[in-house]
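If you want the building blocks of each chain, they are given just below.
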Amino acid sequence: MSIPVNQEIILEVKNLQTIFKTDTGDVRAVDGVSFKLPKGKTIGIVGESGSGKSITSLSIMRLLASNGKITNGEVLYKGEDLLKLSESQMRKLRGNEISMIFQEPMTSLNPVYTVGQQISEALMLHQNMSKKDAFIRSVELLKLVGIPSPDKRVKNYPFELSGGMRQRVMIAMSLACDPEILIADEPTTALDVTIQAQILELIKELQDRLGMSVIFITHDLGVVAETCDYVAVMYAGQVVEYADIRTLFHEPKLPYTIGLLKSLPRHDIEQDKLQPINGNVPSPHEMPVSCRFSPRCPAATDLCRANMPQLETDENGNQVRCWIYTDEWTGEAEVDIYGEKRIAKSRGAKTILPD
Amino acid sequence: MAKKELLKVEGLKQYFPIKGGFLGRTTNYVKAVDDISFSIFEGETVSIVGESGCGKSTTGRAILRLEEPTEGKVEFRGVDLAGLSKRNMRKYRKDLQIIFQDPYASINPRQTVASVLTEAMEIQKVLPTNKRRARAEELLETVGLLPYQADRFPHEFSGGQRQRIGIARALSVNPQLIICDEAVSALDVSIQAQVLNLLEELQEEFQLTYLFISHDLGVVRHISDRIIVMYLGKIVEIADKYSLFENPKHPYTKALLSAIPIPDPDKKKERIVLKGDVPSPIDPPSGCRFHTRCPYATAKCKVEVPELRTASSMKPGHEAACHYIEEIESGEKQPNY
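All figures in this text were calculated on a predicted structure; none of them were measured in a lab. (Residues numbered from 1 in each chain as written. Chains lettered and ligands numbered in written order. Predicted model: local features only at pLDDT ≥ 70, side-chain atom pairs only at ≥ 80, totals over all residues. Heavy atoms only, no water.)

1. Observations regarding the overall build of chain B
Our working rule: Only DSSP runs of H or I covering at least 4 residues are called helices, and only runs of E covering at least 2 are called strands; the numbering of each starts at the N terminus. Here the globule rule reads 2.2 Å times residues to the power 0.38, and the radius of gyration is calculated from C-alpha atoms. Type-normalised accessible area, obtained with a 1.4 Å probe on protein chains alone, sets the label of each residue: buried when under 20%, exposed when over 50%, and partly exposed for intermediate values. Any two residues whose heavy atoms approach within 4.5 Å are treated as being in contact. Here the accessible surface of atoms and residues is derived via Shrake-Rupley with a 1.4 Å probe, and residues count as covered only by protein chains that are part of the display. We score Asp and Glu as negative and Lys and Arg as positive, and we do not count His or the chain ends. Each charge is placed at NZ for Lys, CZ for Arg, CG for Asp and CD for Glu.
Within chain B one finds eleven helices and eleven strands. For 337 residues, the compact-globule estimate of 2.2 N^0.38 gives 20 Å, and the C-alpha radius of gyration of chain B, at 21 Å, lies within 12% of that figure. Referenced to the eigenvectors of the C-alpha coordinate spread, the extents of chain B come out at roughly 70 × 60 × 45 Å. Of all 337 residues assigned to chain B, the portion counted as buried reaches 54%. By sequence separation, contacts in chain B at least 24 residues apart represent 62% of the contacts at least 6 residues apart. Carbon and sulfur atoms form 49% of the exposed surface of chain B, whose accessible area is close to 14,900 Å². A gap of 5 Å separates the mean positions of the 46 positive and 45 negative side-chain charges of chain B.

2. Points about the side chain of A:Asp314
The criterion, for reference: Throughout this description, a polar contact denotes any pair of N or O atoms lying within 3.5 Å of each other; where both atoms belong to protein, one of them has to be capable of donating a hydrogen while the other can accept it, and for residues adjacent in sequence the pair is counted only when both atoms sit in side chains.
Inspection of the secondary structure assignment puts A:Asp314 in the loop between β11 (312–313) and β12 (319–320). Here A:Lys253 takes part through its side chain, which lies 3.0 Å from a polar atom of the side chain of A:Asp314.

3. Let's talk about the domain arrangement of chain A
In plain terms, the rule: Boundaries of every domain are those given by an automatic assignment or by a domain database.
Taken domain by domain, chain A consists of domain 1 (6–86 + 179–250), domain 2 (105–176) and domain 3 (258–347). Computed from C-alpha coordinates alone, the two centres of domain 2 of chain A and domain 3 of chain A are separated by 45 Å.

4. Examining the pattern of salt bridges
Side chains bearing opposite charge may pair, as long as their charged atoms lie close to each other. All names here are of chain B. Threshold: Only one rule defines a salt bridge in this text: a Lys or Arg side-chain nitrogen within 4 Å of an Asp or Glu carboxyl oxygen.
Within the structure shown, the criterion is met by 39 salt bridges over all chains. Between lysine 94 and aspartate 95 there is a salt bridge whose closest N-O contact spans 4.0 Å. We classify lysine 94 as partly exposed; its relative accessible area is 25%.

5. Points about the nonpolar core
Quick note on the threshold: The set of buried Ala, Val, Leu, Ile, Met, Phe, Trp, Tyr and Cys residues whose side-chain atoms join them within 4.5 Å is what this entry labels a nonpolar core.
Core analysis: the biggest nonpolar cluster contains 74 residues, and A:Ile171, A:Tyr256 and A:Ile324 have the highest contact counts within it. What A:Tyr256 contacts, discounting residues up to four positions off in sequence, is A:Glu48, A:Val233, A:Met234, A:Tyr235, A:Val240, A:Ile277 and A:Phe293. Counting 37 residues, the second-largest nonpolar core is a separate cluster that includes B:Val113, B:Met121, B:Leu196 and B:Leu202.

6. Some details on the interface of chain A and chain B
For clarity, the threshold we go by: Once two parts are put together, the accessible area they lose, assessed with a 1.4 Å probe and summed over both, is termed the buried area. In this classification, the charged set is Asp, Glu, Lys and Arg, the nonpolar set is Ala, Val, Leu, Ile, Met, Phe, Trp, Tyr, Cys and Pro, and all remaining amino acids, among them Gly, are polar.
The partner chain B presents 42 residues to the 41 residues of chain A that form the contact. Taken together, both faces of the contact between chain A and chain B bury some 3,700 Å²; the carbon and sulfur share is 51%. Area buried by chain A at its contact with chain B is led by A:Thr194, A:Glu226 and A:His267, which between them contribute 19% of it. Summed over the shared surface of chain A and chain B, the number is five salt bridges. Among the salt bridges present, the one from B:Lys241 reaches A:Glu270, with a minimum N-O distance of 3.9 Å. Put simply, chain A and chain B have 18 residue pairs in polar contact (both at pLDDT 80 or more) between them. Secondary-structure elements contributing two or more residues to the side of chain A that touches chain B are α8 (193–210), α9 (221–227) and α10 (245–250) of chain A. Classifying every residue of the side of chain A that touches chain B gives 17 nonpolar, 13 polar and eleven charged.

7. A look at the sheet that holds strand β9 (residues 226–231) of chain B
Residues and elements named next belong to chain B. The condition is simple: Strands qualify as paired when DSSP identifies two bridges or more between them. Axis lines are fitted to C-alpha atoms, over the contacting stretch for helices. Their N-to-C directions set the angle, which ranges from 0 to 180 degrees.
Sheet architecture is open: seven strands sit in the order β6-β7-β8-β3-β9-β10-β11, paired in mixed fashion. In the strand order of this sheet, the two ends are held by β6 (96–99) and β11 (319–320), each with one partner. For strand β3 (residues 45–49) and β9, the ladder comprises four bridges, and the chain directions are parallel. Bridging across to β9, valine 46 finds its partner in arginine 226. On the sheet, helix α1 (residues 56–63) packs against β3, β6, β7 (177–181), β8 (209–214) and β9 and is oriented at approximately 145° with respect to β8. Across the sheet, helix α5 (residues 159–171) is in contact with β6 and β7; its angle to β6 comes to roughly 175°.

The following block contains the structure:
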């Protein structure tokens, strides 16, 4: 099930490339990231540490550290390329039309201002509200995100709140100006599961009510399954698979995605033995020029070890970056990946699964 | 099959004083662990799960006397570790090892891997000096690293590899019990699976007993034989793995299990979303500590501390600390959200 043709795309990232200058040479943290965010939907960006998922979101917001630079690509927001905007135009957009919440609410809130002052700031800046109106709206927002006795909490400093409460404050802040897009970068990773459940529920409820589109960045496949409509899997700076949520979990194509799902210990079913992915993520300084997963891939052939595959779109609109699904593939017709069979495209069959 | 008891914890309490007020007197205590008892049998893996602040790590540290327990007994093969002198305790440290969460912080960055491993052997006098180096290389192979890496420094390894070094260090003194305190939490899933499999293989090879401390119930289900659920310094439920996941009895355990997202978009289940946050362990709620968030709580729960018990619908060895196990089961008591 791909994105319907008549579905409005609010954000499209095309072939994004971000490099960081370091003492030991340039690091291509993001190298070929493309995805579409349909309006009102949630897209998950998943990947392990160092896959470039956070840098992708910071690049979209143009909030990179001073040694980081976007060298290629487009970020189309309602058809307009954000990378071409001036810094002042961008500032008007940030926190207003596109806002962001981070993993650690304590470090992203200012410890010397009250919660109310911090929420009001965005309102006064972007919406030209008076201090008094902004304060009243702040209380409303705190109520919206489910903070008990908001009229008292609005005068609290961040240290007076628990982790879950702080994340609610962050969400209230990010919602202050009714954004079109909310980028949530690991918003529940630092929280306990019972609190995580509250926050995920809150984000979903607010999305339904306000019609926001959400980019959800996480390493937790459980959170993705629960919150997202579409998923982009990242590995070593690239989007390697993009699919709707059902396809990704039930019929993943890419060996890396299959391996990731197989290595996940589950609490809801009995598993005999975990199937780990061998080896480690390649160092950003020694990125293979070929398929970046090929050194760890159980199905890799000489083709994979010599050439970089492109992100190819299949007949369902889902995308995968893997030689198995191209005409060039010369290996077996039926490929065994971590105990699962996938049919190679060049061998006549369509990319369908046995059973 | 009667298994031998390796470790028995009885009435363990760990209070941390809060200093303050006039002349820095102790004004109150953080009751991190408040009167818990359990046993671990030889060769099994017992896990302690719970959210932050429930006392699971403190329990692990108190067993090893990394903090001196306030009260209670920790019997290892019948010897009360809590009552030993520091000198005598040191002899037992060989038998009880710990692996920490952060492999970056728990290995000295200025020591080569070989010296990390031989130092442990030296302190515990495990082998004659001239054999230690060979043993260190052998250990590296055991944990899936290569012997020639022995002269490298920790920063030359990835996170997963460093955790393997931590495991090798624990193994270097031939321990019987290894406490794994969030040992795989900092690792990416593909690497986490490698380390979990390694721990299982080592358990079989060396007949190790594990006390596994984790907040990740997926990991816990995979690795454990029995599971202890803690909430605010108390044990709320103990059960074998199967009973805990398929037949949880305590309302907190049920809420905890239902809160974990399932990596399958078609499996939607009813979620019990708990209200509010975990209360402070400085002044924990009276009676049942969960009563402030429990959807079944009554006036009785506010005053009477529930004891761990086995109701008729539970397998032997499965215990939960709730006044209303039967009533909730029969549907006589309905949740009040």
